[in-house]
Amino acid sequence: MAQLTKEKKAGESALGRLGFAPDPERAFRDDYFERSLVFMRFAIVLAIVLYALFGVLDLFIVPDVAGSIWIIRYAVFCPVALAVLGFTFTRWFKPMAQPVLSGLAIVCGLGIVAMIAIAGTSGSALYYAGLLLVIPWAYSVLRLRFAFASTAAAAILVGYEFVAISIKHTHVEILVNNNFFFISSVIIGMVAGYTIERGMRAEFLQRREIERERHRSETLLLNILPQAIIDRLKTRGEAGTDGRLAQALDEVAVLFADAVGFTEQAAKTPADDIVAALDDLFCRFDDLADRFGLEKIKTVGDAYMAVAGAPDPHPDHAQAAAEMALAMIDELEGARWPSGNPIVVRVGIASGPVVAGVIGQRKFAYDLWGDTVNLASRLESHGQPGRILVSEGMAARLEGRYEFGPPCVVDLKGYGPTAARFLLPPERRLQSEAPAATPSTEVGAAP
């Protein structure tokens, strides 16, 4: 947050000098180009049309030298402007837009200066009036940035001074008068150009800050709700959308993991230390959920709940949950509480249908309900430390891909005797293992 505030202040302080730090400056130039491209093309077309149409007036203003002026109009400027217009539709234009357009403005202005040099005394004043249009055109319609527009204006001014003094030998009174209007036009153009660019930079900073805040909000929401639910929340209550956020899912795998002996550890460990240890434990589980494609649902005390197949279907929810469970056991090998005791978890998994959704108005969260959830929770609480107890339905879905212990019957609260099996870790799949529980026998303490 402090870094964002520092960047914001730095950007605001840079507005006056029309320049940001390298990274935001590059982003601004890209944004400026994208938002100005239509104006650039319009300005080029406008210049071509006006340059060409005013050629008709040459026959009335300077009929004797109209042919020479037409060379400037139709053989020089119009082809150059058309070439630049075509260039705007290529991928090479973007990095070269400002210098190319600045050069076009110089050609446009110096072309009129050349007309002044060719025209007689009476015609010069009329062409000079056209010269004054080039400056505001360059600063505003053409969307040249302030520095490039100022460079173009300076080049045109130097060109005019050379022609007026060296070629036309303009009287001092007329030269001063012309320069007054010319420089005034440049000043007005500079003010307009500076104001336009500064405004676009300020708006860029504002949109950048809004985007940062939106991203922070999105990130915060993603730590609370799944992306699919966030997308539905954004349209909640809109016409044609259901205000409720509920799903009936036919096939998911629900996983519960509980830290064995956490209550005893909490009683003899300073609060900061035990919370830090639990935070580290759940952060590891979060990483595993991301790796195997599960959605973390919540933590309750020292219990961790995740699901495969919700809110979006998973191609193999049973395998994803099994892999995460096995990885949880492996992840905690050698892990210890602040007291030095090993960290051990019990894991229970069940598969089947659930109802999922978001309820309430405040502090809402994505949650699951149904028999599958209750069964997974009961399997975890009646399992054994360091082992994974899965429902019979879950074992059937994984048959042939994983090794299981012998079938056993677990007396679950609210279910009574229930068939279940232990999912064996890889290193024990090829070993014959004495059953932890036999058929019709309740699973109790670890053997």
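Refer to the structure above for everything that follows.
(A) Highlighting the overall build of the protein. Within the protein, the regular secondary structure consists of 14 helices and 8 strands. Counting all 447 residues of the protein, 42% fall into the buried class. Across the protein, contacts joining residues at least 24 apart in sequence account for 71% of those joining residues at least 6 apart.

(B) Structural view of helix α13 (residues 371-381). Listing the buried residues of α13 in full gives T372, V373, L375, A376, L379 and E380. Down the axis of α13, the sector holding all buried residues measures 165 degrees, keeping them to one side.

(C) Focus on the side chain of T372. Relative to the elements of secondary structure, T372 occurs in helix α13. Judged by relative accessible area, which is 5%, T372 ranks as buried. Once residues lying within four places of it in the same chain are set aside, the contact partners of T372 are V254, A350, S351, G352, P353 and V354.

(D) Structural detail: the pattern of salt bridges. A full pass over the atoms with the stated rule returns 22 salt bridges. Close ionic contact of E25 with R201 constitutes a salt bridge, the shortest N to O distance being 2.9 Å. Of the two residues, E25 is situated in helix α2 (residues 22-53) and R201 in helix α8 (residues 172-222); the sequence distance between them amounts to 176 residues. Among the ionic pairs, E203 bridges to R35, the shortest N-O distance being 2.9 Å. Within this pair, whereas E203 is found in helix α8, its partner R35 is found in helix α2, the two being separated by 168 residues in sequence. On the basis of relative accessibility, which here comes to 30%, the residue R35 falls in the partly exposed class.

(E) Representation of the side chain of D302. As for its position among the elements, D302 is in the loop between β2 (295-300) and β3 (303-308). R346 is the oppositely charged side chain nearest to the buried, salt-bridge-free D302, at an N-O distance of 6.7 Å. Among residues more than four places away in sequence, those in contact with D302 are A257, D258, A259, F262, L278 and F282.

(F) Summary view of the pairing of strand β6 (residues 388-391). Burial along β6 is two-sided: I388 and V390 facing one way and L389 and S391 facing the other are all buried. Note that strand β4 (residues 345-358) and β6 share 3 bridges and pair parallel. In the strand pairing of β6, I349 is matched with V390. The sheet contact formed by β6 and strand β8 (residues 416-423) spans 4 bridges and is antiparallel. Each residue of the ladder has a partner; that of V390, found in β8, is R421.

(G) Spotlight on unusual backbone geometry. The omega angle of the peptide bond from A310 to P311 is 0 degrees, so this bond is cis rather than trans. Along the chain, the position of P311 falls in the loop between β3 and α12 (317-331). One non-glycine residue, H169, adopts positive backbone phi at about 50 degrees. One can find H169 in the loop between α7 (146-167) and α8.

(H) Looking closely at the nonpolar core. Core analysis: the biggest nonpolar cluster contains 47 residues, and I44, L131, W137 and Y160 have the highest contact counts within it. Of all the secondary structure elements, the ones that give two or more residues to this core are α2, α4 (66-87), α5 (93-118), α6 (121-141), α7 and α8. In terms of residue count, α5 provides more of this core than any other element does, 10 residues in total. Residues contacting Y160, with those up to four places away along its chain left out, are V113, I116, Y128, L131, L175, N178, N179 and F182.

(I) Representation of the packing of aromatic side chains within the structure. Under the defined criterion, the tally for this structure stands at 18 aromatic pairs. Ring centres 6.1 Å apart and planes at 25 degrees place the aromatic pair F20 and F204 in the stacked group. Here F20 is found in the loop between α1 (2-13) and α2, whereas its partner F204 is found in helix α8, with 184 residues between them in sequence. When the ring of Y160 is compared with that of F182, the centres are 5.9 Å apart and the planes differ by 25 degrees; the resulting orientation is stacked. Pair noted here: Y160 is in helix α7 and F182 is in helix α8, with a separation of 22 residues, a long-range link. Across the pair, exposure class does not vary: Y160 and F182 are buried alike. In textbook terms, an aromatic cluster arises when at least three aromatic residues are bridged by ring pairs, as seen for F20, F28, Y32 and F204.

What counts, and where the lines are drawn
Residues numbered from 1 in each chain as written. Predicted model: local features only at pLDDT ≥ 70, side-chain atom pairs only at ≥ 80, totals over all residues. Heavy atoms only, no water. Helix = DSSP H or I, 4+ residues; strand = E, 2+ residues; numbered from the N terminus. Buried < 20%, exposed > 50% of the residue type's maximum accessible area, 1.4 Å probe, protein only. Contact = heavy atoms within 4.5 Å. Arc of directions from axis to C-beta. Salt bridge = Lys/Arg side-chain N within 4 Å of Asp/Glu carboxyl O. Lys, Arg positive; Asp, Glu negative; His and termini not counted. Pairing = 2+ DSSP bridges. Core = buried A, V, L, I, M, F, W, Y, C linked by side-chain atoms within 4.5 Å. Phe/Tyr/Trp six-rings, centres within 6.5 Å; stacked < 30°, edge-to-face > 60°.

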